[in-house]
Amino acid sequence: MKQQVIALAVSLACLGAHAEGQVNIICSVQAEQCNLVQTVFAKSTGIKVNLTHKAAGEAMAQLSAERANPKTDLWYGGTGDPHMQAAETGLTMAYKSASLPQLRDWAQQQAEQTGYKTVGIYSGPLGISYNTEAMAKKKLQPPKCWADLLDAKWKGEIQAPNPNTSGTAYVQIATLVQLMGEEKAFDYLKALHKNISQYTRSGAAPVKNAARGENLIGVAFAHEAPVEAANGFPVVSNTPCEGTGAEIGSMSLIAGARNLPEAKRFYEWALTPAAQELGVAAKQFQLPSNKAAKLDERMPDFAKAKMIKYDYAKYGSSAERKRLIGRWEKEVNSLPR
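Residue indices follow the written sequence of each chain, beginning from 1 at its first position. For a predicted model such as this one, the threshold for reporting local features is a pLDDT of at least 70, and the threshold for listing and counting side-chain atom pairs is 80 or more; totals across whole chains, interfaces and linings nevertheless cover every residue. Only hydrogens and water are set aside; all other atoms, that is, all heavy atoms of the structure, feed into the side-chain values.

### Some thoughts on the overall build of the chain
Item 1. Every helix listed is a DSSP run of H or I at least four residues long, and every strand listed is a run of E at least two residues long, numbered separately from the N terminus. Looking only at helices and strands, the chain has 15 helices and 10 strands in total.
Item 2. The globule rule used here is 2.2 Å times the number of residues to the 0.38 power, and the radius of gyration it is set against is calculated over C-alpha atoms. Here the C-alpha radius of gyration of the chain, 19 Å, is about what a compact globule of 337 residues would show, namely 20 Å.
Item 3. C-alpha atoms of the chain, sized along the principal axes, occupy 60 × 40 × 30 Å.
Item 4. Across the 337 residues of the chain, 56% fall into the buried class.
Item 5. Using a 1.4 Å probe, accessible areas were evaluated by the Shrake-Rupley method; residue-level cover was limited to the displayed protein chains. For the chain, the accessible area works out to roughly 13900 Å², and carbon and sulfur atoms hold 52% of it.
Item 6. Under the convention used here, Asp and Glu are negative, Lys and Arg are positive, and both His and the chain ends fall outside the count. All charge positions are set by atom: Lys at NZ, Arg at CZ, Asp at CG, Glu at CD. Each charge sign in the chain was given a centre, from 38 positive and 31 negative side chains, and these centres are 2 Å apart. The buried label goes to any residue with under 20% of its type's maximum accessible area, the exposed label to any with over 50%, and the partly exposed label to all in between, with areas taken from a 1.4 Å probe on protein chains only.

Here it is, written out as structure tokens:
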């Protein structure tokens, strides 16, 4: 990994390795990728990167708390819904990159929808992950559909993220609402609650825990499973047969950023193919937004998944997000298990 970092840093040296200054970033991708991005950008530009790792929901809470006196310059990664909420509520600033035409349509559309206050940097479908060895040992057929998760045999065997802290969890709620209709979706979530052993703070934790045998099944993005498989754990992921939604992992400049030139420098760098290919170098397998970025065979194949037409504008609004999470807290999380 160290050799990869050095090689990638050299390949990006054209950006200039003798700059001065610093940039303060909240990073909402996995820690391994955060660390690699921090190292390569700093080595290739000379700009000091002060980086804090937080789940998307926690990042949104911090930015809201700092509104009057922002300490963050840029928010990198995490599901797009809270980024869109941040844009709507004035926490982030408009910036139209010259690199936009190089990005996939969904990334460009997200930028347009928010008045260029956020941009997509990767995408990945929501899936159901499970421990293959544990399934085989217990002679159980793994779930392939949302409906399968309601089987009583999975009681205490499923983990899912908490929407109060995780953007992944909100994508799950919004996906089910769009797939089933709101009332049926909440009936489903109440029934699923009976089988949940834990709601985790981060979106990746259910898969990490399934990989290590803490639980059999984790609801998370499908690209989390190959991360654990690359680390030697027996875990795979399905995209639900009824249909599923996808995140658009995003990036936003913070309104009132103290280090705006450096933040814009990072923003432009993060949209390049080489920077986006750092995901695979850090064993992360989301689909990059830059069309020229090299793809890895372990990335989820959108063509094989039944994708819903996810309404990012509606479900990225602050009012809708607040309402649905509030309803989940009141009607689902308050139930006994």
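### Comments concerning the pattern of salt bridges
Item 1. By definition here, a salt bridge exists when the distance from a side-chain nitrogen of Lys or Arg to a carboxyl oxygen of Asp or Glu is within 4 Å. As enumerated under the stated definition, the model contains 11 salt bridges in all.
Item 2. With its nearest N and O atoms 2.7 Å apart, the salt bridge here joins R323 to E182. Residue R323 is found in helix 15 (residues 318-331), and its partner E182 is found in helix 8 (residues 182-193); the two are separated by 141 residues along the sequence.
Item 3. Here E228 ties to K208 by a salt bridge, and the two come within 3.2 Å at their closest N and O atoms. One end of the pair, E228, is in helix 10 (residues 224-230); the other, K208, is in helix 9 (residues 205-211), with 20 residues separating them in the sequence.
Item 4. E228 gets classed as buried once you look at its relative accessible area, which sits at 2%.
Item 5. Linked through salt bridges whose partners overlap, the residues forming this network are E182, E183, K190, E320, R323, R327 and E331.

### What about helix 3 (residues 56-65)?
Item 1. Within helix 3 the residues assigned to the buried category are A56, G57, A59, M60, Q62 and L63.
Item 2. Packed against the buried residues of helix 3 are strand 1 (22-27), strand 3 (74-76), helix 4 (80-88), helix 7 (167-180) and helix 15. Contacts are residue-level and defined by heavy atoms, with any inter-residue pair within 4.5 Å sufficient.

### Description of the side chain of Q85
Item 1. Summarising the element assignment, Q85 is placed in helix 4.
Item 2. According to the relative accessible area criterion, Q85 is buried, its value standing at 14%.
Item 3. Dropping the residues within four chain positions of it, Q85 is found in contact with M60, G316, S318 and R321.

### Side note on the state of the cysteines
Item 1. The disulfide criterion is simple: two cysteine sulfur atoms within 2.5 Å. Taken as a whole and judged by the stated rule, the model has 2 disulfides.
Item 2. Note that C27 is cross-linked by a disulfide to C34, the S-S spacing being 2.0 Å. Its S-S torsion of approximately -95° makes the covalent link between C27 and C34 left-handed.
Item 3. Residue class for C27 comes out buried when judged on its relative accessible area of 1%.
Item 4. Here C145 is linked by a disulfide to C241, with a sulfur-sulfur distance of 2.0 Å.

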